[in-house]
Amino acid sequence: MSQIPPPRPVERTPVDGDCPACGRAELTEYDVVGETGWTHVVKCGHCLTSARRTPAHRLGPITLLVDQL
Ligand SMILES: [Zn+2]
């Protein structure tokens, strides 16, 4: 029987500034994946509003050796 691997923790980097929706200073940046591929987001940790969304590397946080050459 196959085992399901444990979920990988998402490292979130704190960002200066206040949430545009609720005003709290709880913004963090990290990569998320959705129907448009990987996206680099700055989100509020309280209400999950996206302050910024920009396209990320095609594999998100995964780096291939060939990309480091
Ligand atoms: Zn907020």
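Let me begin by describing the structure that accompanies this report. Just so we're clear, the structure is a prediction, and the values are computed from it rather than from any experiment.

## Looking at the sheet that holds strand E1 (residues 13-14)
- Spatial strand order, E1-E2-E3-E4: four strands in an open sheet with antiparallel pairing. The sheet is open, and its two edges are formed by E1 and strand E4 (50-55), each paired on a single side.
- Pairing analysis gives five bridges linking strand E3 (residues 37-44) to E4, with the strands arranged antiparallel. Each bridged residue has a counterpart across the sheet, and for Lys-43 the counterpart in E4 is Ser-50.

## A closer look at the layout of surface pockets
- The calculated volume of the largest pocket comes to roughly 360 Å³.
- Lining the largest pocket are Arg-8, Pro-9, Val-10, Glu-11, Thr-13, Glu-29, Tyr-30, Asp-31, Trp-38, His-40, Pro-61 and Ile-62.
- Here the lining of the largest pocket takes three residues from strand E2 (residues 27-34), the largest share from any one element.
- For the lining of the largest pocket, a count of residues per class yields six nonpolar, two polar and four charged.

Cut-offs and rules
- Residues numbered from 1 in each chain as written.
- Predicted model: local features only at pLDDT ≥ 70, side-chain atom pairs only at ≥ 80, totals over all residues.
- Heavy atoms only, no water.
- Pairing = 2+ DSSP bridges.
- Helix = DSSP H or I, 4+ residues; strand = E, 2+ residues; numbered from the N terminus.
- 1 Å grid on protein atoms, 1.4 Å probe; cavity = no way out; pocket = protein on both sides within 12 Å on 5 of 7 lines; lining within 4 Å.
- Points joined across faces, edges and corners; volume = space filled by probe spheres on them.
- Nonpolar A, V, L, I, M, F, W, Y, C, P; charged D, E, K, R; others polar.

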